[in-house]
Amino acid sequence: LSPFFPGTTTSLLPTLTRSGGTTSMTYIRRTDYVKRALAYNLITSTTLETDSWSSALPMVTQTTVTAINSDFELVRVDLSVPATQCFFQVHVTLNE
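Q: I would appreciate a short explanation of the sheet that holds strand S3 (residues 38-45) in the present structure.
A: As a general point, the strands of a sheet are linked pairwise by backbone hydrogen bonds and lie either parallel or antiparallel. Pairing in this open sheet of three strands is antiparallel, and the strands run S4-S3-S7 from one edge to the other. Since the sheet does not close on itself, it has two edges, and those belong to strand S4 (54-55) and strand S7 (87-94), each with one partner. With two bridges joining them, S3 and S4 adopt antiparallel strand pairing. Paired with Ile43 across the bridge in S4 is Ser55.

Q: Looking at this structure, I do not really get the packing of aromatic side chains. What am I missing?
A: For any pair of aromatic rings, geometry is given as the distance between the ring centres together with the angle between the planes. Taken as a whole and assessed by the stated rule, the structure comprises three aromatic pairs. Between Phe5 and Phe72 the ring centres are 5.4 Å apart and the planes differ by 65 degrees, which places this aromatic pair in the edge-to-face class. Note that Phe5 is positioned in the segment before strand S1 (15-19) and Phe72 in strand S6 (residues 72-79), a separation of 67 residues in sequence. You can call Phe72 partly exposed: its relative accessible area is 23%.

Q: Quick question: what am I supposed to make of the pattern of salt bridges here?
A: Two side chains of opposite charge can pair, provided their charged atoms sit close to one another. Counted by the stated rule, this structure contains four salt bridges. We note a salt bridge from Glu73 to Arg29, for which the minimum N-O separation is 2.8 Å. Note that Glu73 is positioned in strand S6 and Arg29 in strand S2 (residues 22-30), a separation of 44 residues in sequence. Classification of Glu73 by relative accessible area gives buried; the value is 12%. In this structure, Arg76 and Asp78 form a salt bridge, with 2.7 Å as the shortest nitrogen-oxygen distance.

Q: Teacher, can you tell me more about the nonpolar core here?
A: Side chains of nonpolar character tend, in soluble globular proteins, to be buried together. Counting 13 residues, the largest nonpolar core has Met25, Tyr27, Leu42, Val77, Leu79 and Phe88 as its most contacted members. Breaking this core down by element, the ones donating at least two residues are S2, S3 and S6. For Phe88, the residues in contact, after removing those within four places along its chain, are Leu16, Met25, Leu42, Ile43, Thr44, Trp53, Ala56, Met59, Leu79 and Val81.

Q: Got a minute to help me understand the environment of Ser45 in this structure?
A: By the secondary structure assignment, Ser45 is in strand S3. By relative accessible area, which is 2% here, Ser45 ends up buried. The spatial distance from the C-alpha of Ser45 to the C-alpha of Gln89 is 8.8 Å, given a sequence separation of 44 residues. In contact with Ser45, other than residues within four places in its own chain, are Ser52, Trp53, Cys86 and Phe87. Of the polar contacts made by the side chain of Ser45, one reaches the backbone nitrogen of Leu48; its length is 2.9 Å.

Q: What am I meant to see in the pairing of S1 here?
A: Strand residues, when the strand is regular, have side chains that alternate between the two faces of the sheet. Summarising the sheet, S1 and S2 pair through five bridges and their orientation is antiparallel. For Thr17, the partnering residue across the bridge sits in S2 and is Ser24. Remark: two residues form the turn of the hairpin made by S1 and S2, two consecutive strands paired antiparallel; Gly20 in that turn has positive phi of roughly 65 degrees.

Conventions and cut-offs
- Residues numbered from 1 in each chain as written.
- Predicted model: local features only at pLDDT ≥ 70, side-chain atom pairs only at ≥ 80, totals over all residues.
- Heavy atoms only, no water.
- Pairing = 2+ DSSP bridges.
- Helix = DSSP H or I, 4+ residues; strand = E, 2+ residues; numbered from the N terminus.
- Phe/Tyr/Trp six-rings, centres within 6.5 Å; stacked < 30°, edge-to-face > 60°.
- Buried < 20%, exposed > 50% of the residue type's maximum accessible area, 1.4 Å probe, protein only.
- Salt bridge = Lys/Arg side-chain N within 4 Å of Asp/Glu carboxyl O.
- Core = buried A, V, L, I, M, F, W, Y, C linked by side-chain atoms within 4.5 Å.
- Contact = heavy atoms within 4.5 Å.
- Polar contact = N/O pair within 3.5 Å; in protein donor to acceptor, adjacent residues only side chain to side chain.

Rendered as structure tokens:
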């Protein structure tokens, strides 16, 4: 079982990278996520405790979307992250 999207070097799991002063989170999203009533939300915590998670939207500086194929796209979110310890999750929910 490959950890990459078929025919690419794109990770199937979200990745977090830091280059210079920019932290970037990348994840795969369905191109028809709105039609399917899916919501992708980036959340953050400094402790990993259950009630410590909140929206990472205030940290987002830029979002870039690149097509992988007609069904999936790669989302890259650049973040302004404080120097302290910080954790991230991508929550996918069905909004029916």
